Amino acid sequence: MRKRKKKFLRDLQALFQKLNIRVFLMIAVILILCGGLVYRLFGLQIVRGDEFLTSFQLRLKREVTIPGTRGNIYDRNGQLLAYNELAYSVVIRDVFDNGSKKNDAINDVILRTIDIIESHGGEVTDDFGISCEYGNFLFRRSGRQHLRFLADVYGYLSIDELTYAERTSTPDEVMAYLAKQYGIKPEELESPLKQLQLTTVRWLLSLNSYQKYVASPIAFDVDEETVVAIMENSGTLQGVTIEEDTVRRYPDSVYFSQILGYTGRVSTEELETLTQEDPTYEATDIVGKAGIEASFESELHGKKGSRTIYVDNLGRVLGVEGEVSPQTGNDVYLSIDKDLTMAAYDILEKKLSEILLAKIRPVREMEITENTSSSSLIIPIYEVYFSVFSNNVVSLSHMAGNEAGETERAVHAAMEEYRQQVLSELGAEIRERQTPYEELPKEYKIYETGYIDTLEERGILVRDLEDAQDPVYIDWHKNETISMTQFLTHAIEEGWVDVTALGMPGAYSDTAQVLEAVIRDQEAFLLTDKEFEKKVLHYMILQDLVSGNQVCRILMEQKLVTVPTAEREQFESGVIGSYEFMRNRIRELDLTPAQLNLDPYSGSMVITDPGSGQVLALVSYPSFDNNRLSGSVDSDYYDQLREDLSGPLYNYATLQETAPGSTFKMVSATAGLQEGVITTDEMIDCTGIFHKLGDPAPKCWVYPAAHRNLTVQGAIHNSCNVFFYELGYRLGQEQTAPAEESADTETTTQETEEEAATAETESEGGTQKSAVYNSDTGVAILGKYARMYGLGDKTGIEIEEAAPQISTEDAVRSAIGQGNHNFTTVSLARYVATVANRGECLNLTLLDHVSDSSGIVLREAEPSVKNVIEMDPVCWTALQEGMREVVKDKLYFMNFPVEVAGKTGTAQQTNTRPNHALFVCFAPYDAPEVAVATRIANGYTSDYAANITKSVLEYYFGLATKEELLASETIFDTGRTAQTD
């Protein structure tokens, strides 16, 4: 037993020894394997980790472009007009992981970033097709631009793909659609404005969704405090960074914005055009949007650089390698003289204010009748009071706000009460009284006309459905014999009213209930409508419910004018009344002609070098600050400019067209001399009235006086209409076949009723030769010579310009610059330069030369001859001498040391507004250095335009400084003032 036990123990021991060896071997093997695995993992993850990670990840190679720096713009003397300035922008990239929480994460980061920017006084980008006003969303664009925006929203390449519902989307519907797309919860945001800001950034971010490594802007040109705050919070603001940028700057911008234009993000249409010439343009590029910035885009843009980056399949940057530096764009030197342009602009503005002062009277209204002449028009002071509201100088919203002054609050309360009263009266008119339109007081005629217009603008009354031939339509719109109730009731019955716009079913047919719905809907709308509020305010001012004194106080409370202490004390004590207070503000340009928007509020002047065709000054008043439109558009400012009734975005020098008036008479004289219907020595008798066309007979401006016998030189000097009527009549003469005499018939000439022309016969070698007046013939000849003077097409300047129109009717009146002639100021400048050159017509240019960034000249502007008029020097002398005598006859040019040759022109448009005033000239007479065209739209008389031009010539020839000219006030006593010269 014991032996067996010992043997068992020995066997067990042997077994354990064997097992230990095996375990040991097994453990050893495991350890070796683990060591090998660790070694391998170490090699894979540590030693060669980056290598294998790179191999594992999807690596996409991308070329990122680096924009070039835009070239500078200078004037002819090297003075800076446009340059680039270093700035900082807040941008965001889509570095967020995909998933159900992605929208929430992006929106949270954007909102927190916006809060930081605004807390430091910064503004968030609003480069978007919708704005927010008083908590309401509004479309910013119209026409094709609006449709292009909608196509982008709904993801179409072409606007033709838009459905009717998408094409007619409201701003609220677009915002709701995008809110759903971007996971925005409007109910959780503090205001509609915040929703718009968030939507705008998400919109810009979505434009780069296919290339997440490209940044989208949140704010441009932020200050250093904002930069620091963003960097301090960079750990929690995923994807948000600060990037260096450049901002386009325009020194003295208001003087040159109409010439230079501005820059901005490229539009879809612009991109399509630009990429045809340069495929490197991208949707994020900043390009020239107008003016020189646009027309010289290829010169100024520069060449892009590039950087090679690697991104993963989510668009996250993995690595960066080689970089090619961008190249700066070329510098453009304009022919413009900066100092001359600024002087001309300031002088023009000052003189416009002086014309206003000469026409303002302390009266309530001016009644205009069919016998009122445009020369007799005045400006009632009550219209001046209202103008500061009508053209948004005074902020009506400020008057309703918490910071409103005492007078503001009182006037606002009175306005609200009166508006409620007007709406109540309108409701009673529709529901009960139903007064025919013609029997209404003038005030309520205005309200009812606006009532219908507003219904049409809002789409409740559908213009496309209205029948202009319908008797009821005619009785309302033309005869004015029915009430607004009758018209609206008929419109509802005829289906012209869109009941769905009133929240009613499309098949709703109860006329009375629809009419009531219209009334209620309009009342709600008009309670907040600014234009209706202004109509109400206008009549409150006319009835002294808002006094002139209150208007003056509101201007001071809103800090819109600067009033010297002494004058303020005199106003408070009653020594100075509101009439004199307002005149002082106009005199001091506290209130400018553009702000008042009372005739005349605009003007233009173009000064050229007749020897080269270079434009030395191109002035359009009023203008705007293009610094606020370049790069990141200040949309509020842009909206303000668009609403400004004086049209600051409109280039009056190159786009406004009016009849040239008597400035056209040198063309007519040239036609008459060249066609042989007059000679330089021939006299034509002006009796003050031209009878050859029958009644009503056109008259000379001196009628009932007469000029009597004049040569062509004297006719230009005296601007004799009858002389040029006769000339136009002669140009229209057509010779007919010799008349055949018969015993039983008389020789007759058929006289057309349309022209009412008198047939003439003349004896030539014993045979009878008959002539008849044909207006078309005369018009064709006048057009031929107008084209020789360059008036048939654009001038060649490198910015947007309207095509001129030569008259196609009434040769007799066209010969004095009436008919349907329409020319721009820049067209007239080329024309008078051609007279100065004795027939050499040059194309105009704004360019002096282009150089690269190192100053090497790449190309220079060369004179470009359009046409040469070959005419006897004696004829040229007759024209030019007549023009010189025009100027010598002006009292305000008396003793002027430089001889000037010029021609005035007054163009009548309507008897309810003043005439357009024009003046063209060149100087010095013997060796012209400058040719000038000046137009004052609705400027009363051409002598005003000539007087303004004289002041600019004083500056140009160094006879007076700008400061001296602006310090002296012109008394517009013009000596011989023409009526329709």
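Model, not experiment: these values are computed from the prediction. (Residues numbered from 1 in each chain as written. Predicted model: local features only at pLDDT ≥ 70, side-chain atom pairs only at ≥ 80, totals over all residues. Heavy atoms only, no water.)

**Details of the overall build of the protein chain**
Heads up, the condition is: Helix and strand definitions follow DSSP, with helices as H or I runs of at least four residues and strands as E runs of at least two, each counted in order from the N terminus. For each residue, the accessible area found with a 1.4 Å probe, counting protein chains only, is set against the maximum for its type, and the residue is called buried under 20%, exposed over 50%, and partly exposed in between. In this description, contact between two residues means that some pair of their heavy atoms is separated by no more than 4.5 Å. Methods summary: accessible areas were calculated by the Shrake-Rupley approach with a probe of 1.4 Å, and residue burial reflects only the protein chains presented.
From N to C terminus, the protein chain includes 35 helices and 28 strands. Within the protein chain, the fraction of its 981 residues that count as buried is 50%. Sequence separation of at least 24 residues holds for 70% of the intrachain contacts in the protein chain that already meet a minimum separation of 6. Of the roughly 45800 Å² of accessible surface on the protein chain, 49% is carried by carbon and sulfur atoms.

**Some remarks on helix α4 (residues 143–153)**
In an α-helix, one turn spans 3.6 residues; hence positions three or four apart end up facing the same way. Of the residues making up α4, those classed as buried are H146, L147, R148, F149, L150, A151 and V153. On its buried face, α4 is in contact with β4 (130–133), β5 (136–139), α5 (164–167), α6 (171–182), α7 (192–206) and α10 (268–277).

**Some thoughts on the sheet that holds strand β15 (residues 603–609)**
Our working rule: Whether two strands pair comes down to DSSP finding at least two bridges between them. Working convention: axes come from line fits to C-alpha atoms, limited for helices to the stretch in contact. Angles between N-to-C directions cover 0 to 180 degrees.
One open sheet accounts for five strands, arranged β16-β15-β28-β27-β26; its pairing is antiparallel. Lying at the two open borders of the sheet, with one neighbouring strand each, are β16 (614–621) and β26 (901–907). Within the sheet, the average angular offset between the axes of one strand and its neighbour, ignoring direction, is 10°. Alignment of β15 against strand β28 (residues 930–936), held across five bridges, turns out to be antiparallel. Residue pairing across strands places M605 opposite T934, the latter belonging to β28.

**Overview of the confidence of the model for the protein chain**
For clarity, the cut-off: Known as pLDDT, the predictor's confidence for each residue is given on a scale from 0 to 100.
With 88% of its residues at a pLDDT of at least 70, the protein chain reaches an overall mean of 88. Within the model, pLDDT remains below 50 along residues 739–767, and this stretch shows 40 contacts once partners closer than five positions in the same chain are excluded. Overall, residues 973–980 carries pLDDT values under 50, and its contacts beyond four positions in sequence, including any with other chains, amount to 22 contacts.

**Concerning the side chain of E567**
Tracing the backbone shows E567 in helix α23 (residues 565–573). When sequence neighbours within four positions are dropped, the list of residues in contact with E567 reads I576, F581, N584 and R585.

**Digging into the packing of helix α3 (residues 102–119) against α7**
The following threshold applies: Crossings are assigned a handedness: left-handed for a near helix turned anticlockwise from the far helix by less than a right angle, right-handed for a clockwise turn. Note on residue categories: nonpolar means Ala, Val, Leu, Ile, Met, Phe, Trp, Tyr, Cys or Pro, charged means Asp, Glu, Lys or Arg, and polar means any other residue, Gly included.
It is the contact of α3 with α7, at a shortest axis distance of 10 Å, that shows an interaxial angle of 120°. When you trace α3 past α7, the crossing you get is right-handed. Note on element contacts: α7 touches α3 through K194, Q197, L198, V201, R202 and L205, opposite N103, I106, N107, I110, L111, I114, D115 and E118. Taken together, the residues that form the contact of α3 with α7 break down as seven nonpolar, three polar and four charged.

**Examining the packing of aromatic side chains**
Threshold: Under the pairing criterion, centres of Phe, Tyr and Trp rings, with the six-membered ring standing for Trp, must be within 6.5 Å; the plane angle then separates stacked pairs below 30 degrees from edge-to-face pairs above 60, leaving the rest tilted. We call a charge positioned above a ring when the Lys NZ or Arg CZ atom is no farther than 6 Å from the ring centre and deviates by at most 35 degrees from the ring normal.
Evaluation of the coordinates by the stated rule reveals 32 aromatic pairs. Taken together, a centroid distance of 5.4 Å and an interplanar angle of 85° make the contact between F893 and F896 edge-to-face. The class for F893 is buried, based on a relative accessible area of 6%. Each residue in the set Y437, Y473, W476, F487 and W496 is aromatic and connected to the rest through ring pairs, giving one cluster. Looking at K359, its charged tip hangs above the ring of Y940, at a distance of 4.4 Å from the centre.

**Concerning the pattern of salt bridges**
Oppositely charged side chains are able to pair whenever their charged atoms sit close together. For clarity, the threshold we go by: We define a salt bridge as a side-chain nitrogen of Lys or Arg found within 4 Å of a carboxyl oxygen belonging to Asp or Glu.
Tallying each qualifying case throughout the model produces 53 salt bridges. Through salt bridges with shared partners, a single network forms among R70, R248, E293 and E297.

**Topic: the nonpolar core**
We apply this condition: Take the buried residues of types Ala, Val, Leu, Ile, Met, Phe, Trp, Tyr and Cys, join any two whose side-chain atoms come within 4.5 Å, and each joined set is a nonpolar core.
One finds L334, I607, F723, L846, L879 and F922 to be the most contacted residues of the largest nonpolar core, which totals 129 residues. A total of eight residues in this core trace back to one element, the largest contributor, which is helix α32 (residues 825–836). Not counting the four nearest positions on each side in its chain, L879 is found in contact with M666, A669, T670, L673, I716, Y789 and M871.

**Examining the side chain of N915**
The condition that has to hold: Polar contacts, as used here, are pairs of N or O atoms within 3.5 Å; protein pairs need one atom able to donate a hydrogen and one able to accept it. Residues neighboring in sequence count only if both atoms are side-chain atoms.
Within the element layout of this structure, N915 appears in the loop between β26 and β27 (916–923). Polar contacts involving the side chain of N915 include one to the side chain of S374, which spans 2.8 Å.

**Overview of the pairing of β4**
Bridging between β4 and β5 involves four bridges; their strand directions are antiparallel. By the bridge assignment for β5, C132 is matched with F137. Once β4 ends, the chain turns through two residues before running back antiparallel as β5, passing Y134 with a positive phi of about 55°.

**Details of the environment of T910**
One can find T910 in the loop between β26 and β27. Here the alpha-carbon distance between T910 and S373, two residues 537 residues apart in the chain, equals 8.9 Å. Within the structure, the side chain of T910 is placed 3.1 Å from the side chain of T912, a separation counted as a polar contact.

**Overview of unusual backbone geometry**
Across the junction of D599 and P600, the peptide omega takes the value 0°, indicating a cis bond. When you line up the elements, P600 lands in the loop between α25 (593–596) and β15. The residue after Y621, namely P622, is reached through a cis peptide bond having omega 0°. Relative to the helices and strands, P622 resides in the loop between β16 and α26 (635–643). Look at S719: it is not a glycine, yet its phi comes out positive at around 50°. You can see S719 is positioned in the loop between α28 (712–718) and α29 (721–731).

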